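Now for the letters of each chain:
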Amino acid sequence: MSKKAIIILSVCLGVVAVVLILFWTLFALSSVTVKFHTTTKNLTLTEAEIVEAGDFSYGACVLFDGKGKYINRLTEKVQENDNFAYLEVVNIETIFPNRYVIHVAEREEVFAYQNGSDVLFLDDDLRVLRKESLANGESYISDKENAIELKNLTILNDEINVGDFLNVVQGGVLNLYNAFLANNRTLEEQKGFVKEIELGVNHVDMTDRDYLSAKIVTHNGREFMINNIDFAITNKIQLMFALDSALYNQIDQDGFIVDADGNVIYDNVLDENGNIMLDDNGEPLKGEVWTYERLQKSYVLIDNYILNDYQEISESDIYYNLVAKSE
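The following refers to the structure shown. Because the structure is a prediction, the values reported are computed rather than measured.

### Some thoughts on the sheet that holds strand E1 (residues 31-36)
Part 1 of the reasoning: Spatially, the 3 strands line up as an open sheet ordered E1-E3-E2, and their pairing is mixed. On the outer flanks of this sheet lie E1 and strand E2 (87-95), each paired with one strand and no other. Along the sheet, successive strands turn relative to each other by an average axial angle of 25°, direction set aside.
Part 2 of the reasoning: Judged from the 6 bridges that link them, E1 and strand E3 (residues 99-106) form a sheet pairing that is parallel. Following the sheet pairing, Phe36 is matched in E3 by Val104.
Part 3 of the reasoning: Strands E1, E2 and E3 of the sheet are contacted by helix H2 (residues 47-54), whose axis makes an angle of about 125° with E1.

Right, dumping it as structure tokens:
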């Protein structure tokens, strides 16, 4: 090798060495801080406790240090400290050249599920935030301040501990909270409106398919049955609020329920495909009239047209009817 080549190679190696030294000094992790994005009610962890639980690799190059392992450590820390169940790591931000910021929020108690003599308080991801034991024969009662009661969950977990995420058959229940949020209903408003949500199954004979349903009972005793919560759930929740606002406040002198324009409301008449039937003028055929007396003995059914392989159904293809409650 010529002298010139040796000099060039030495220079190149020197540059590489300098770059590596810069990487492992300038970009070496030196500090970690925590930023809270929500107020805290049940989350009592300090910033120091959160940082310590992450067991961060100080001195590691932030450009190549995988942050997923730190999120996993913070998530799994609940096995040692139940209060970590309320901790949600939004993300870990890199602040160049050498700092991390852990962005966190408090998980909120959205649902309560009575599992035997225990009540499981769950967030919108169905993470168990805490357990509460009930006395023999006692039942959980939802009011306008505490968590909404969930009923008929089928849980697949072999055992349930604080911090666990419930694995359930009715995965569509995870969409309910976000559907309420999409309709501008905060958690506080949801709790103030909904007393309980009872999950069930709606079987459609024509297609021989089962769909997940949710019976929503309000604190004032009104009942809405939403069929197929896996389809157009945001639109169905929007319709539920519109109906709740209109049906119970607009009654004419004859006791008939009227809409915002003062028109008497009738049941929709459906064909065998679950579509609203129209008259010769293209108007919906009128079924049974809605009266206040009938309303008191019924629940409001919200559903979509039948889903099959032969017609395209959009998320706006939904309807509502009154259905008499079973005696």
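### So, H2
Part 1 of the reasoning: When H2 is considered as a whole, its buried residues turn out to be Ile50, Val51, Ala53 and Gly54. Seen from one end, H2 has its buried residues packed into an arc of 160°, which puts them on one side. With respect to the buried face of H2, the exposed residues turned more than 90 degrees away are Ala48 and Glu52.
Part 2 of the reasoning: Looking one or two residues beyond H2, the residue adopting positive phi is Asp55, at roughly 50°.

### Side note on a nonpolar patch on the surface
Part 1 of the reasoning: A contiguous nonpolar patch, built from Leu63, Phe64 and Phe96 and spanning about 340 Å² of accessible area, is present on the exposed surface.
Part 2 of the reasoning: Position of Leu63 among the secondary structure elements: in the loop between H2 and helix H3 (68-76).
Part 3 of the reasoning: Overall, the relative accessible area of 35% leaves Leu63 in the partly exposed class.

### Quick notes on the packing of aromatic side chains
Part 1 of the reasoning: A full pass over the atoms with the stated rule returns 9 aromatic pairs.
Part 2 of the reasoning: Relative to Phe96, the ring of Phe27 has its centre 6.4 Å away and its plane inclined at 90°; by these criteria the two rings are edge-to-face. One end of the pair, Phe27, is in the loop between helix H1 (3-26) and E1; the other, Phe96, is in the loop between E2 and E3, with 69 residues separating them in the sequence.
Part 3 of the reasoning: Residue class for Phe96 comes out exposed when judged on its relative accessible area of 54%.
Part 4 of the reasoning: Taking the centre distance of 5.7 Å and the plane angle of 85° together, the rings of Trp290 and Tyr320 count as edge-to-face. Placement of Trp290 in the loop between strand E12 (286-289) and helix H7 (292-296) and of Tyr320 in strand E14 (residues 318-324) is noted, with a sequence separation of 30 residues between them.
Part 5 of the reasoning: Take Tyr320: its relative accessible area is 23%, and that puts it in the partly exposed class.
Part 6 of the reasoning: Grouping aromatic residues by their ring pairs yields a cluster made of Phe56, Tyr70 and Tyr100.
Part 7 of the reasoning: The ring centre of Phe121 lies 3.8 Å from the NZ or CZ of Arg130, which sits over that ring.
Part 8 of the reasoning: The lysine or arginine in question, Arg185, covers the ring of Phe241, its NZ or CZ lying 3.8 Å from the ring centre.

About the criteria used
Residues numbered from 1 in each chain as written. Predicted model: local features only at pLDDT ≥ 70, side-chain atom pairs only at ≥ 80, totals over all residues. Heavy atoms only, no water. Pairing = 2+ DSSP bridges. Helix = DSSP H or I, 4+ residues; strand = E, 2+ residues; numbered from the N terminus. Axes fitted to C-alpha atoms, helices over the stretch in contact; angles between N-to-C directions. Contact = heavy atoms within 4.5 Å. Buried < 20%, exposed > 50% of the residue type's maximum accessible area, 1.4 Å probe, protein only. Arc of directions from axis to C-beta. Patch = residues over 30% accessible without salt bridge, like charges linked within 9 Å, V, L, I, M, F, W, Y side chains within 5 Å. Areas by Shrake-Rupley, 256 points an atom, 1.4 Å probe, with all protein chains shown as cover. Salt bridge = Lys/Arg side-chain N within 4 Å of Asp/Glu carboxyl O. Phe/Tyr/Trp six-rings, centres within 6.5 Å; stacked < 30°, edge-to-face > 60°. Lys NZ or Arg CZ within 6 Å of the ring centre and 35° of its normal.

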